[in-house]
Amino acid sequence: MTDNLTGAPELTITPGGSDSQTRLGTIARHRHWLVGGGIIAVITLLGLAVPYLVSSKFNMGLVLDGVILAFLALSIGFLARHLGLISLGHTAFFGGAAYTVGIGIGRWSMTPTVAFVVAVVVGTLLALIMGVLVVRSTGMTFLMLTLALGQALYQFSTQRIAIPWTGAHDGLQIDLSGGTFLGLTQKSMMNAALFWPVAWVLLMVCALWLWITGRSRFGTVLEGIRENEERMRFSGFNTDLPRLIAFVVSGCVASIGGALFALNAAYVSPELLSFTKAGDALTAAIVGGLGVLAGPIFGAIVYVLAQSRFNTSGNLHLYTGIALVLVLMFLPGGILGSLEKWVRGRLSRRRQATPPSTSEPSSPEDQS
Amino acid sequence: MDLTQLLNGIALGSLLMILSSGLAMIYGLRGVTNFAHGALYMAGAYIAYSVAQQVSFWAALIAAPLVLAALGAVLELVFFRRLQHRNHIEVGLVTFGLAMIIERVIVIIWGERTLSVDAPPGLTGTTSVLGSDYPSYRLLVIGIALALAVGLVYWLRKSRVGLHIRAASHDVETSAILGINVDRVSLLVVCIGAALAGLAGTLAAPYVSVHPAMGVAILIQVLIVVVIGGAGSIGGAMLAGMALGILQTVGAIWAPSLSVLIPYAALVVVLLWRPQGLAGKRA
């Protein structure tokens, strides 16, 4: 079955032996790593200028919200792109990490830095637990299971028994005055322009991490599993473990986003764990484009900006729903995915027009 | 154990049973989990509210399922049929978007307030069941749900159309080759599934409050029921729905704060024990 949703290109597995690998191919492959890493490094540097370009405090806050949502969208997009699995349960890791920051600082008087690290570890552990339960399922069942297990955490956080820990529907105020996070005091953490470099650089590090994971041999194994799990099993690959690892990696990225959210907002509420949040992140990822690494990031920022424009009468989810349905029906691949396809189409047409050049073959699966 | 609590459990189980059988039927035929099912249930409840106010509850019991069946036809003709060759997950996500739209449209029409629907006259009191007094209306819910379940199973097992539905759920392509008009069967099934959701909403209206979050809340429970019962198995979904309803209500006596987690715990246990669901076939 071709995977329209992720818009991923046809999988090409080149024979791995050193005999069949030409020297030219090796150079081209290494060049690829450098080019990809270079592009991400340049984008990271350019992104650092954002606080100087966005003048209004309100807009800066919005862009930062977008970047924090981007962690969640990026992690969901990673699973969709490499395994064809759509998760609605990543809010558990995002919200779980955010709550861990709140509880760690409030109850166990951790410093923000320690709380951040602990939160990411807890979020990743949650991903491991959920992963063990769900990775054997695929498709629809996976979607339903992650949704149900994610909502279990939401239900628990709102129960009376959890009030001392989570504050139930009231949420949890986090007192950050006790320490600093990477040198930022409470005031700086809550200032979008000053918190921006931390969030942006971490997001880019996560993007680089996921990109390297996806391009590595491990990533190829994942794509093999996505295309035909049975054949991979018959070829002697363990298919459950790679899926679990990918799930945990993506859960870790979501936890980093959640922990950052808690430090920036100094407030956590069950809304972070809700069905709505899962829907928001997924919609952002799909509208941006699941098949491209940058798609979910782009989608999340666009989503948050659009949210502030259109939420005038509380009709946000009406528009979100319409956007989701329209993109899925008429623009599978999302905005960036469709753009990439269009550019690629133009390039290949031009290449056909000119006589075949002797330049090195460009990789068909450049997704950076 | 209190008989009243047991009956409450059966009443909740009845609702879950009606909803999940519709969801399982659509899943079986189109391979798509209808994430808009909770929204359809919610629409049924709100329509029942309006009709019950203007005419009577009994009219609502007819009208709401009919309106929902029409909505189901739209769902099938505009979305499921046109997207049938696309990835099932994409179509599932389309219904996810539709759920958001329907829920918001309902709020625009009826407002955010929690509404209440009165039980029909004559059923507002209690009836004595084996010595304990029990609200008559809930007995009606249980009665209708059980009759419906028996009728549905009988219809699926004995009628020609039922045979076609079962065949198409088993293997769409082969049934199409053998001359079953899958599109027509599917239209029927989606209409029935949506109508059942509307009926469940109507039945629920007088006894749970009608409010904007009711759709999402029940959707998660129904999804759990369908996974536990074995995706696509109608009988499994019915049994799991009833069992979960009883377990959850009875569990509320022993551990009030943790009873909401019972469905999730049941889900985890079943997954570890039988990943394909209680009545599911191994994929």
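Residues numbered from 1 in each chain as written. Chains lettered and ligands numbered in written order. Predicted model: local features only at pLDDT ≥ 70, side-chain atom pairs only at ≥ 80, totals over all residues.

Enquirer: I keep staring at the overall build of chain A and nothing clicks. Help me out?
Expert: If you tally the helices and strands in chain A, you get 16 helices and two strands. The proportion of buried residues among the 368 residues of chain A is 48%. Counting contacts in chain A only where the partners sit at least 6 residues apart, residues at least 24 apart contribute 78% of the total. (Helix = DSSP H or I, 4+ residues; strand = E, 2+ residues; numbered from the N terminus. Buried ≥ 20, exposed ≤ 12 C-beta atoms within 10 Å, placed from the backbone. Contact = placed C-beta atoms within 7 Å.)

Enquirer: Would you mind going over the confidence of the model for chain A with me for this structure?
Expert: Reading predicted coordinates in detail is not appropriate for stretches of low pLDDT. Residue and element names in this part refer to chain A. Here chain A averages 83 in pLDDT, while 88% of its residues score no lower than 70. When pLDDT is averaged over each element of chain A, helix α12 (residues 240-265) comes out on top at 94 and helix α7 (residues 163-166) at the bottom at 76. Confidence over residues 7-21 falls short of pLDDT 50; this stretch has 19 contacts with residues more than four positions distant or in other chains. Across residues 357-368, where pLDDT falls below 50, the model places 13 contacts with residues more than four positions away in sequence or in other chains. (pLDDT = per-residue confidence, 0-100.)

Enquirer: Any chance you could explain the pairing of strand β1 (residues 126-129) of chain B here in plain terms?
Expert: A regular strand places its side chains on the two faces of the sheet in alternate fashion. Residue and element names in this part refer to chain B. Across four bridges, the pairing between β1 and strand β2 (residues 132-135) is antiparallel. Across the sheet, Val129 pairs through a bridge with Ser132, a residue of β2. Linkage of β1 to β2, two consecutive antiparallel strands, is achieved through a turn of two residues, within which Leu130 is found at a positive phi near 50°. (Pairing = 2+ DSSP bridges.)

Enquirer: Sorry if this is basic, but what is going on with the interface of chain A and chain B here?
Expert: Interfaces are frequently sized by the accessible area removed from exposure as the parts join. Contacts between the two partners involve 38 residues from chain A and, on the opposite side, 31 residues from chain B. At 13 residues, the largest contribution of residues to the side of chain A that touches chain B is made by helix α6 (residues 139-157) of chain A. Of the residues assigned to the side of chain A that touches chain B, the class counts are 23 nonpolar, twelve polar and three charged. (Nonpolar A, V, L, I, M, F, W, Y, C, P; charged D, E, K, R; others polar.)

Enquirer: Looking at this model, I keep getting lost on unusual backbone geometry. Mind explaining?
Expert: Peptide bonds are trans in most cases, and residues, glycine excluded, mostly fall at negative phi. Residue and element names in this part refer to chain A. For Ser109, which is not glycine, the phi dihedral falls at a positive 35°. Along the chain, Ser109 falls in the loop between α4 (91-108) and α5 (112-134). Classification of Ser109 as exposed rests on a count of 12 C-beta atoms within 10 Å. Positive phi outside glycine occurs at Ala266, with the angle close to 55°. One can find Ala266 in the loop between α12 and β2 (267-268).

Enquirer: How should I be thinking about the environment of Ala98 of chain A in this particular structure?
Expert: Residues and elements named next belong to chain A. With respect to the element layout, Ala98 can be found in helix α4. Residues Ala98 and Val268, 170 residues apart in the sequence, show an inter-C-alpha distance of 6.6 Å. With residues near it in sequence (within four places) discarded, Ala98 still touches Gly258, Ala259, Phe261, Ala262, Val268 and Leu272.

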